Protein chains: 2
Amino acid sequence: MEQQKFHINKLRVSGLRPTKQRLAISKILFNRRETFHFTIEQLKKVIEKNSKKKISLATLYNTVHAFKKKGYLKEIPLKGNQTFFDTNTSSHHHFYDEDTLQLIDIKDENISINNLPKTPNGKKIQDIEITIKVASNYQKQKDN
Amino acid sequence: MEQQKFHINKLRVSGLRPTKQRLAISKILFNRRETFHFTIEQLKKVIEKNSKKKISLATLYNTVHAFKKKGYLKEIPLKGNQTFFDTNTSSHHHFYDEDTLQLIDIKDENISINNLPKTPNGKKIQDIEITIKVASNYQKQKDN
DNA sequence: CTTACAGTTTAGAATCATTATAAACTGAAT
DNA sequence: ATTCAGTTTATAATGATTCTAAACTGTAAG
């Protein structure tokens, strides 16, 4: 139950009221050793499995976006119908397994870019995202 | 009008009937020196401006997807509501200007990745996508 | 430990991009 | 000219996400 206090404090510090729903979602998202990659729909399923009181879909959207705005979650740019989020907010990149549709972290130390061209005009780099799509080779034709 | 024959042949070779609509779209997409980055909605506007006979939205989707499947267009993985396509189908990466929402090609020679970690299991790399988001620094808070 | 109210949650409606449907149309082979 | 598979089209359907407006709830102040 120390975790509980930790989450309550974290929310308060961020100017977010520690409601039952936000605490339940915090527990699911942040009480884990491994980073968690998820879509809202996947999160919904996990919550339904782990919590008896249901949380409305709108609240899941609200909360995930609030957490993202506060810097506790990162959105992963990946084409597809659904948006992916990541509990690992540090600078890092991903393998995307096209067979399982799973994301896998690449530690930042394990990759580097060279010969970066100069940025256009007076623009500054905000973010660099590398996604490496992998799959088994026998795979069927993919249309994406 | 040599272009016309070229497009007719290209379509025939691909097993696509050279219909009026496909030729009109081919003209818009491929009769240009610069590569063209676009969403379906943007393409629709360009077509409306350049062609008196209107093409239905469904046909735009059908045609763009057919062209993509034949390898004449590439889909760019970029988070956001709309899907981006690129007439440059070679291996290359992009700057994404968050101020203007425009994509800018990075020539492949101008960038390289080092220390690539080994791919998971027995998977093979299918594709590597690098997107470098740039923006002016004075910019307002962005929520994305 | 009540009150009061801004912050939250919620169900359901609304929106937006995209895909499916199924009827009308059209290249092109005969 | 005929025929028919391939296409186009308007429209409906879908699916993710956002909006809305009403009900609810932390919590600060008395």
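Note that the structure is a prediction, hence the values are computed from the model and not measured.

## Digging into the relation of the copies chain A and chain B
The two chain copies are related to each other by a rotation about an axis together with a translation along it. Rotating chain A by 180° and moving it 0.0 Å along the rotation axis overlays it on chain B with an RMSD of 0.0 Å. Within this description, the copies of the chain are treated as partners about a two-fold rotation axis. Residue by residue, 98% of the interface of chain A is reproduced at the interface of chain B, so both copies engage with the same surface.

## Considerations on the sheet that holds strand E1 (residues 37-38) of chain B
Residue and element names in this part refer to chain B. Here we have three strands laid out as an open sheet, ordered E1-E3-E2, and antiparallel in their pairing. Only two strands of the sheet have a single partner each, and these edge strands are E1 and strand E2 (74-76). Note that E1 and strand E3 (residues 84-86) share two bridges and pair antiparallel. Paired with His-37 across the bridge in E3 is Asp-86.

## Some details on the interface of chain A and chain B
Taken residue by residue, the interface counts 45 residues in chain A and 44 residues in chain B. Seen at the junction of chain A and chain B, the total is four salt bridges. A:Asp97 is the partner of B:Lys123 in a salt bridge, and the nearest nitrogen-oxygen pair spans 3.1 Å. The interface formed by chain A and chain B contains 20 residue pairs in polar contact (both at pLDDT 80 or more). Elements supplying a minimum of two residues to the side of chain A that touches chain B: helix H4 (57-69), strand E2 (74-76), strand E4 (93-97), strand E5 (102-106), strand E6 (112-114) and strand E7 (124-135) of chain A. Per-element accounting of the side of chain A that touches chain B gives the leading share, twelve residues, to E7(A). A per-class count over the side of chain A that touches chain B returns 17 nonpolar, 13 polar and 15 charged. Bridge analysis of E7(A) against strand E7 (residues 124-135) of chain B gives eleven bridges, and the strand direction is antiparallel. Paired with A:Ile128 across the two strands is B:Ile132, which belongs to E7(B).

## Looking at a positive patch on the surface
A cluster of basic side chains, namely A:Lys20, A:Lys27, A:Lys52 and A:Lys53, defines a positive patch on the protein surface. Following the sequence through the fold, A:Lys53 ends up in the loop between helix H3 (40-50) and H4.

## Observations concerning the packing of helix H3 (residues 40-50) of chain B against helix H4 (residues 57-69) of chain B
All names here are of chain B. At a minimum axis separation of 10 Å, H3 and H4 run at an interaxial angle of 115°. In the crossing of H3 with H4, the sense of the turn from one axis to the other is right-handed. Residue-level contacts link Ile-40, Leu-43, Lys-44 and Ile-47 of H3 to Leu-57, Leu-60, Tyr-61 and Val-64 of H4. Each residue belonging to the contact of H3 with H4 can be placed in one class, and the counts come to seven nonpolar, no polar and one charged.

## Notes on the protein's contact with DNA strand C
Close contacts around DNA strand C come from 22 residues, with A:Thr19, A:Gln21, A:Lys54, A:Thr59 and B:Tyr61 the closest. Here the atoms of DNA strand C within 4 Å of the protein split so that 74% fall in sugar or phosphate, with bases taking the remainder. Here A:Arg17 contributes a backbone N or O atom positioned 2.9 Å from a phosphate oxygen of DNA strand C. Contributions of two or more residues to the surface near DNA strand C are made by helix H2 (20-30) and H4 of chain A together with H4 of chain B.

## Considering the packing of aromatic side chains
Residue and element names in this part refer to chain A. Applying the stated criterion across every chain yields a total of ten aromatic pairs over all chains. Each ring, one from Phe-84 and one from Tyr-96, has its centre 6.4 Å from the other, and the planes form 75°; the classification is edge-to-face. With Phe-84 in strand E3 (residues 84-86) and Tyr-96 in strand E4, this residue pair connects regions lying twelve residues apart in the sequence. Each member of the pair Phe-84 and Tyr-96 is classed as buried.

## Digging into the environment of A:Val46
Residue and element names in this part refer to chain A. Relative to the assigned elements, Val-46 resides in helix H3. Between the alpha carbons of Val-46 and Lys-70 there is a distance of 22 Å; along the sequence they are 24 residues apart. Setting aside anything within four residues of it in sequence, one finds Val-46 in contact with Ile-28 and Phe-36.

Rules of the game
- All chains use their own residue numbering, which begins from 1 and follows the written sequence.
- Whichever chain is written first becomes A and whichever ligand is written first becomes 1, with later ones labelled in order.
- Under the rules for a predicted model, residues below a pLDDT of 70 receive no local features and side-chain atom pairs below 80 are neither given nor counted, while totals for whole chains, interfaces and linings still include all residues.
- As a rule here, side-chain values come from all non-hydrogen atoms in the structure, and water together with hydrogens is ignored.
- The copies were overlaid with a least-squares fit restricted to C-alpha atoms from residues scoring a pLDDT of at least 70 in each copy.
- In what follows, residue pairs with any heavy atoms lying within 4.5 Å of each other are defined as contacts.
- By definition, two strands form a pair when at least two bridges between them are found by DSSP.
- Helix and strand assignments follow DSSP, with helices taken as H or I runs no shorter than four residues and strands as E runs no shorter than two, numbered in order from the N terminus.
- Salt bridges are identified by distance alone: a Lys or Arg side-chain nitrogen within 4 Å of an Asp or Glu carboxyl oxygen.
- Two N or O atoms form a polar contact when they lie within 3.5 Å of each other; inside protein one atom must be a possible hydrogen donor and the other a possible acceptor, and for residues adjacent in sequence the pair counts only when both atoms belong to side chains.
- Think of it as three bins: nonpolar holds Ala, Val, Leu, Ile, Met, Phe, Trp, Tyr, Cys and Pro, charged holds Asp, Glu, Lys and Arg, and polar takes everything else, Gly as well.
- Like charges within 9 Å and nonpolar side chains (Val, Leu, Ile, Met, Phe, Trp, Tyr) within 5 Å are joined into patches, using only residues over 30% in relative accessible area that form no salt bridge.
- Areas reported as accessible are Shrake-Rupley estimates using a 1.4 Å probe. Residue values count occlusion only from the protein chains shown.
- We count Lys and Arg on the positive side and Asp and Glu on the negative side, and we leave His and both chain ends out.
- Positions of charges follow a simple convention, taking NZ of Lys, CZ of Arg, CG of Asp or CD of Glu.
- Inter-axis angles, ranging from 0 to 180 degrees, are taken between N-to-C directions of lines fitted to C-alpha atoms, where helices are fitted over the stretch in contact.
- Throughout, a crossing is termed right-handed when the near helix is turned clockwise from the far one, and left-handed when it is turned anticlockwise from it by less than a right angle.
- Residues are counted as near a molecule or strand when any one of their heavy atoms sits within 4 Å of it.
- Between 30 and 60 degrees the pair is tilted, below 30 it is stacked and above 60 it is edge-to-face, where a pair is any two Phe, Tyr or Trp rings, Trp via its six-membered ring, whose centres lie within 6.5 Å.
- Relative accessible area decides the class of each residue, using a 1.4 Å probe on protein chains only: under 20% of the type maximum gives buried, over 50% gives exposed, and in between gives partly exposed.

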